[in-house]
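# Report on the structure
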Amino acid sequence: MKKIFLLFTMLGMALLGKAQTDLIISEYVEGWSTNKALEIYNPTNTSINMSTYRVVRYSNGLDVPPAELAWTFMLPNRYLLPYHSYVVVGDKRNPKGVDQEAPVWAQLAQRADTFACPDYAISKTMYFNGNDAVSIEKLSDANWVLVDLFARWGAPGPALANLPNSTSQITAWTNIPPYIDGKGVALTADHTLIRKSSVKKGVTSNPVLFNTLLEYDTLSANTFKNLGWHKYDGAPANVTPSLNMSNSLFFVNPAADSGTVIGTIIGSDAEGNPLRFYVDYGNFVYINDNNPLIPDKRYEPFKLDRTTGELKVVDKRGLVPTQKTIFYLETAVTDGFSQSETENITVIVAAPLTTINIGPSGGNTITAYQGILQFMAETFPVVSFNPALRYEWRVSNENIARIDTSGLVTAIGNGTVSVICAAIDGSGVEGTYELTISGQPIPVTDLMVSSVGGITAITANQGTLQFIAEVSPSFNLDPETRYMWMVSDENIATINANGLLSALRNGIVNVICMATDASGIETSMAITITGQTLSVSNQKIAPSLYPNPLDGNIFTVSASKEIKSIVISDVSSREIFRKEYKAGIRSADIELISNLKGVFLVSVEYKDKSRGVSKLVVR
């Protein structure tokens with residue numbers, strides 16, 4: 001045995017100077033209970049057949065490779081592609097557990113390329129617990145050569161150490177030299193350790209000291225989302241794949257059987273690499289059998305097919321709406337080189353809607369200009385949680401009315417419009433109501449503006465000048481509902497809702513009259529102002545809006561000063577948006593509710609307490 005071990009060590013030392021020639025351990029998972037895994041990575045530019053490699057566990061500081069095959073696990077006769085990884089997970093998949101063993105968690109099991117060592121009495125390799133060394137070894141000329149080593153074998157082994165932010169102790173290597181005397185915090189137990197991206201070759205001789213942080217980054221226990229791909233500095237450039245979140249809401253009937261397909265998650269990769277889909281968090285519910293003496297049972301009701309993205313029920317015992325109605329599943333997709341950002345999909349456990357009845361509250365028509373009417377929905381089965389996750393509101397003609405997510409209708413034009421409440425659970429159930437709207441003006445086609453007496457200048461200090469607008473076609477409405485007044489520079493003059501211009505400072509200002517119906521019609525008149533004595537301090541700075549006019553519902557507000565708040569209101573001063581900003585920003589993206597049309601005022605308060613206003617046209 002000593003001769004074999006000496007040859008083993010000498011061959012390992014001979015490989016020290018070579019880089020990127022063989023497999024490495026890229027991730028080590030020592031989680032709670034049976035959550036154990038190793039990720040093996042190929043950092044070379046050629047495929048490697050793993051059939052001549054084994055994984056070995058050096059239990060509790062054994063000095064030499066163990067003689068028993070029970071401490072080894074042979075890798076399969078399979079080629080590992082360049083810059084790809086292979087994940088080995090301890091085989092504890094029995095959902096009922098075995099004796100005192102709990103099953104491996106579903107979010108770890110889904111990452112496995114293979115399962116190993118189901119029975120400890122037969123194979124002990126995947127039962128490492130924080131004070132063991134683990135190696136990859138390669139058969140060469142009838143001898144096993146060390147390719148990579150996690151931790152170290154031999155006495156003295158690590159002592160008890162505190163887990164981070166805890167008084168609990170466990171035997172493990174720590175973060176403070178000599179890493180084995182219990183000083184510092186435990187790192188190799190109850191942790192996931194990821195090989196640093198700069199590491200190009202394995203550890204090919206037993207180190208004198210094992211400094212975990214030299215080559216590994218640490219994550220908390222039961223972190224599995226990095227398995228199946230590895231960030232490596234020597235790998236070729238890669239475009240990260242992405243998830244298509246156009247469909248991220250799924251429904252499942254609580255009576256559904258195991259095997260029922262709920263839906264499919266879609267991913268894309270610019271380079272055409274095969275994709276794998278994973279659920280990293282959220283696929284669990286704890287259910288109590290109404291017995292305070294029995295702990296809650298954890299169920300994992302769903303499984304995501306990692307090659308097709310198909311989501312299905314695998315344990316119907318977890319479909320209990322009274323315990324958990326909404327599952328938020330954190331999902332990701334990887335191409336083996338990199339992984340997408342986590343995206344949430346929502347799974348609702350509820351019986352499909354069979355009936356939706358809708359009607360207005362407080363009237364059955366709209367006759368007032370831009371009048372509103374609230375609609376309500378009654379469903380069967382009754383919706384007992386967020387209605388927006390069960391049904392949606394829409395109208396048949398957005399040129400006549402718009403409707404928000406709560407069912408509030410706002411008149412835009414004259415005519416009859418269908419108000420529709422539709423289930424979004426796939427049942428196809430709808431409720432409709434025919435609403436008649438009148439009293440809305442037809443779009444403005446022309447505006448003319450003039451000043452009283454045809455005056456084009458103000459010469460008196462703080463002087464005023466009245467303006468008059470003529471609108472076509474005429475309509476029997478308060479003029480303020482047909483057009484609005486603005487000036488090109490509120491630092492020179494201001495104008496009120498009735499068209500009265502007030503001088504502030506010397507200069508030339510354009511008096512603007514704009515239609516409020518989103519027709520885009522406006523006209524202006526230039527006025528010269530002289531004789532003013534107001535200082536130039538506290539000038540108003542209007543924010544910049546882009547795009548403007550706006551054809552959608554998302555635009556950007558930009559300013560030359562730090563923004564404190566943004567308020568958006570319509571011409572009747574009804575506030576439709578407000579947001580306070582704590583950080584000193586100078587640009588903000590704003591998302592308005594859908595189907596807004598008309599002219600709106602965007603008012604910005606700056607950190608220095610000054611203000612600025614700009615008009616936004618939404619078409």
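Whatever comes next refers back to the structure up there.
Throughout what follows, the structure given in this document is the object of discussion.

### Let's talk about the overall build of the protein chain
Helix and strand counts for the protein chain come out as three helices and 46 strands. Projected onto the principal axes, the alpha-carbon positions of the protein chain cover approximately 115 × 60 × 45 Å. Within the protein chain, the fraction of its 619 residues that count as buried is 46%. Across the protein chain, contacts joining residues at least 24 apart in sequence account for 64% of those joining residues at least 6 apart.

### Here's the deal with unusual backbone geometry
Cis geometry is found at the peptide bond from P177 to P178, where omega equals 0°. Among the secondary structure elements, P178 is positioned in the loop between β12 (169-171) and β13 (191-195). Following S472, the chain continues to P473 via a peptide bond in cis, the omega torsion being -5°. Looking at the secondary structure, you find P473 in the loop between β36 (464-472) and β37 (483-487). A positive phi is found at D190, a non-glycine position, where the angle reads about 50°. Secondary-structure assignment places D190 in the loop between β12 and β13.

### Looking at the pairing of strand β1 (residues 24-30)
The buried fraction of β1 is high, at seven of seven residues. Pairing analysis gives six bridges linking β1 to strand β2 (residues 36-41), with the strands arranged antiparallel. Across the sheet, I25 pairs through a bridge with I40, a residue of β2. In this structure, the hairpin formed by β1 and β2 is closed by a connection of five residues, where S33 is found at a positive phi of approximately 50°. Two elements, β1 and β13, share four bridges in a ladder whose sense is antiparallel. Looking across to β13, one finds that E30 is bridged to H191.

### Quick word on the side chain of Q339
Inspection of the secondary structure puts Q339 in the loop between β24 (326-334) and β25 (343-349). A polar contact is formed between the side chain of Q339 and the side chain of R111, at a distance of 2.9 Å. Only 2.9 Å separates the side chain of Q339 from the backbone oxygen of K225, close enough to count as a polar contact. The residues contacting Q339, other than those within four sequence positions of it, are R111, K225, W229, T240, Y278, D280, A332, V333 and T334.

### Remarks on the sheet that holds strand β23 (residues 310-313)
Reading across the sheet, the three strands line up as β17-β23-β22 and stay open at both edges, with antiparallel pairing between neighbours. Since the sheet does not close on itself, it has two edges, and those belong to β17 (261-264) and β22 (302-304), each with one partner. This sheet shows a mean twist of 20° between the axes of neighbouring strands, independent of strand direction. Direction of pairing for β17 relative to β23: antiparallel, over a ladder of three bridges. Looking at the pairing, T264 lines up with E310 of β23.

### With respect to the environment of G184
Position of G184 relative to the elements: it lies in the loop between β12 and β13. Each C-alpha atom, one on G184 and one on P164, is 8.7 Å from the other, the two residues being 20 residues apart in sequence. Leave out the neighbours within four places in its chain, and G184 touches N162, T174, N175 and I176.

### A short note on the sheet that holds strand β9 (residues 133-140)
The antiparallel open sheet is built from four strands, whose spatial order is β5-β4-β9-β10. Lying at the two open borders of the sheet, with one neighbouring strand each, are β5 (72-74) and β10 (143-150). For this sheet the average axis-to-axis angle between neighbouring strands, irrespective of direction, equals 25°. Bridge count between strand β4 (residues 53-58) and β9: six bridges; the pairing is antiparallel. Looking across to β9, one finds that R57 is bridged to V134.

### A look at the packing of aromatic side chains
For the structure shown, the criterion picks out 18 aromatic pairs. Pairing F150 with Y216 gives two aromatic rings, centres 5.3 Å apart and planes at 85°, and the pair type is edge-to-face. Placement of the pair is F150 in strand β10 and Y216 in strand β14 (residues 216-220), with a sequence separation of 66 residues. What makes Y216 buried here is its relative accessible area of 2%. Between F302 and F327, the aromatic rings sit 5.1 Å apart at their centres with planes inclined by 85°, giving edge-to-face as the arrangement. Of this pair, F302 sits in strand β22 while F327 sits in strand β24, and the two are 25 residues apart along the sequence. Judged by its relative accessible area of 4%, F302 falls in the buried class. Sitting over the ring of Y278, R111 keeps its end group 3.7 Å from the ring centre. The lysine or arginine in question, K124, covers the ring of W71, its NZ or CZ lying 5.7 Å from the ring centre.

Thresholds, definitions, all that
Per chain, the residues get numbers from 1 upward, laid out in the order the sequence is written. In keeping with the model being predicted, local features are shown solely for residues with a pLDDT of at least 70 and side-chain atom pairs are shown and tallied solely at 80 or more, while totals for entire chains, interfaces and linings include all residues. Just so you know, side-chain values use all the structure's heavy atoms and leave hydrogens and water out. The helix and strand labels rest on DSSP assignments: H or I over at least four residues marks a helix, E over at least two residues marks a strand, and numbering proceeds from the N terminus. Partly exposed describes any residue whose relative accessible area lies between the buried limit of under 20% and the exposed limit of over 50%, with all areas from a 1.4 Å probe on protein chains only and scaled to the type maximum. Pairs of residues are marked as contacts when any of their non-hydrogen atoms sit within 4.5 Å. DSSP bridges decide pairing: two strands pair if at least two such bridges lie between them. Here a polar contact is recorded for every N or O atom pair within 3.5 Å, except that within protein the pair must consist of a potential hydrogen donor and a potential acceptor, and residues adjacent in sequence are included only if both atoms are side-chain atoms. For helices, the fitted line uses only the C-alpha atoms of the stretch in contact; every axis is such a line through C-alpha atoms, and the angle between N-to-C directions lies from 0 to 180 degrees. Note on aromatic pairs: the rings of Phe, Tyr and Trp (six-membered ring only in Trp) are paired at centre separations within 6.5 Å, and the planes decide the class, stacked below 30 degrees, edge-to-face beyond 60, tilted for the rest. Each ring is checked for a lysine NZ or an arginine CZ that lies within 6 Å of its centre and within 35 degrees of its normal; such an atom marks a charge sitting over the ring.

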